[in-house]
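The residues making up each chain are set out below.
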Amino acid sequence: MRFHLIGPFQIVGADGGVLPTGSPKVSQVLALLLAHANTPVTPDTLIRELWQQSPPRSALNTVQTYVHHARRLVALPDVRPDGGRPVLSTQFGGYTMHVDEAAVDVMVFERLVSRGKEEFRAGRYEASADALGSALGLWRGPVLSNVPTGSVLTGRIVHLEELRIRALEVRIEALRLLGRLRELIPELRALVHDYPLNEWFHGQLIAALHEAGRRAEALDAYRSVRRLLRDELGLEPSPDVQRLHERVLSPLRVPSTPAATLDGDGQPEAPRGADTASSARRAGMSS
């Protein structure tokens, strides 16, 4: 039994078939419990997720009803991790979803990202890129795209989306250090489209095009990000990206990419303006 939260919420049976997840509210309860798998979730947390600041008087009874329906959905014998204990139990004043971490895609994703960052810090760039590539391969679309979400799940989704951006950055930097940046040109073009205000991705695209000998395209990519930053934010490109532009303009210099500044986790730090797109999305999700 596997649980997919990255993309449409799905419960996949042992035979590969997709099982029902119940009504929208029951799906929301299941998704919240799985997002905090193996950790008790209090009724107050479920109430806040389902009704925000305006719960009905019957909120606690209604939550208990939703949990009852959720328990029935995961009460199949092949779902029980130890063959005895219920998957969804009530204990210590809360509800706990007991599952193997390898069966929940978000938990696998977080573990792979952590491994990729550790490998990067140790200088094992090939292993880092492999782990992060496996993590990113789990993404089938926006997290819980078919489930209503309140403030609790939204916070979890924002965390996962930010972690995905960091995983992309570290993987790109690892491949750059392996001399394979130009292989990423198609992916980098997609990333600057998906995250138009992430200046770091634009810089890597410019560098990759320059290293591939596609100077005109590199200059066009610089003009695009400069125009975008001016129009959207009233800013000029960061000093790193401007220095990269100067390298592209100089035919006598060896093509190179700006060295990434690493944070305390051994991750490339994004330059000014890089996270504006995700911040704007986060603000939209919270409204």
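Not measured: the values here are computed from a predicted model.

## Overview of the overall build of the protein chain
Next up, step 1: When helices and strands are counted, the protein chain shows eleven helices and five strands.
Next up, step 2: Counting the 287 residues in the protein chain, one finds 48% classified as buried.
Next up, step 3: In the protein chain, of all internal contacts separated by at least 6 residues, the share reaching a separation of at least 24 is 63%.
Next up, step 4: Within the structure as shown, the protein chain displays about 13600 Å² of accessible surface, and the carbon and sulfur contribution to it stands at 51%.

## Focus on the packing of aromatic side chains
Next up, step 1: If you walk through the whole model with that rule in mind, you get four aromatic pairs.
Next up, step 2: With centroids separated by 5.9 Å and ring planes inclined at 55 degrees, the aromatic side chains of Tyr195 and Phe201 adopt a geometry described as tilted. Per residue, the accessibility class of Tyr195 equals that of Phe201, and both read buried.
Next up, step 3: Clustering of aromatic rings is evident, with ring pairs tying together Tyr195, Trp200 and Phe201.
Next up, step 4: Sitting over the ring of Trp139, Arg164 keeps its end group 5.2 Å from the ring centre.

## As for the pairing of strand β5 (residues 94-97)
Next up, step 1: With burial as the criterion, each face of β5 is covered, one bearing Gly94 and Thr96 and the other bearing Tyr95 and Met97.
Next up, step 2: Sheet analysis places strand β4 (residues 88-91) next to β5, joined by four bridges and oriented antiparallel. Bridging from a neighbouring strand, Gln91 pairs with Gly94 of β5.
Next up, step 3: A loop of two residues connects β4 with β5, the two strands running antiparallel in sequence, and Phe92 in this loop sits at a positive phi of about 50 degrees.

## Remarks on the pattern of salt bridges
Next up, step 1: Evaluated as defined, the whole model comprises 13 salt bridges.
Next up, step 2: With a closest N to O distance of 2.9 Å, Glu169 and Arg166 form a salt bridge. Highlighted residues: Glu169 and Arg166, both in helix α6 (residues 151-177), separated by three residues, approximately one helical turn.
Next up, step 3: Take Arg166: its relative accessible area is 22%, and that puts it in the partly exposed class.

## What about the nonpolar core?
Next up, step 1: With 83 residues, the main nonpolar core has Phe3, Leu5, Leu144, Phe201 and Ile206 as its most contacted residues.
Next up, step 2: The element best represented in this core is α6, accounting for twelve residues.

## Quick word on the confidence of the model for the protein chain
Next up, step 1: On average, residues of the protein chain carry a pLDDT of 87, and 83% of them reach 70 or more.
Next up, step 2: Low confidence marks residues 77-82, where pLDDT is under 50. Its contacts with residues over four positions away, or in another chain, come to eleven contacts.
Next up, step 3: Confidence drops under a pLDDT of 50 for residues 276-287, and excluding neighbours within four residues, the segment shows 14 contacts in the predicted structure.

## Some thoughts on the environment of Thr39
Next up, step 1: Assignment of secondary structure puts Thr39 in the loop between α1 (24-35) and α2 (43-51).
Next up, step 2: Classification of Thr39 as partly exposed rests on a relative accessible area of 41%.
Next up, step 3: For the pair Thr39 and Met97, spaced 58 residues apart in the sequence, the C-alpha separation amounts to 7.2 Å.
Next up, step 4: When sequence neighbours within four positions are dropped, the list of residues in contact with Thr39 reads Tyr95 and Thr96.

Here is what the cut-offs are and how they apply
- Residues numbered from 1 in each chain as written.
- Predicted model: local features only at pLDDT ≥ 70, side-chain atom pairs only at ≥ 80, totals over all residues.
- Heavy atoms only, no water.
- Helix = DSSP H or I, 4+ residues; strand = E, 2+ residues; numbered from the N terminus.
- Buried < 20%, exposed > 50% of the residue type's maximum accessible area, 1.4 Å probe, protein only.
- Contact = heavy atoms within 4.5 Å.
- Areas by Shrake-Rupley, 256 points an atom, 1.4 Å probe, with all protein chains shown as cover.
- Phe/Tyr/Trp six-rings, centres within 6.5 Å; stacked < 30°, edge-to-face > 60°.
- Lys NZ or Arg CZ within 6 Å of the ring centre and 35° of its normal.
- Pairing = 2+ DSSP bridges.
- Salt bridge = Lys/Arg side-chain N within 4 Å of Asp/Glu carboxyl O.
- Core = buried A, V, L, I, M, F, W, Y, C linked by side-chain atoms within 4.5 Å.
- pLDDT = per-residue confidence, 0-100.

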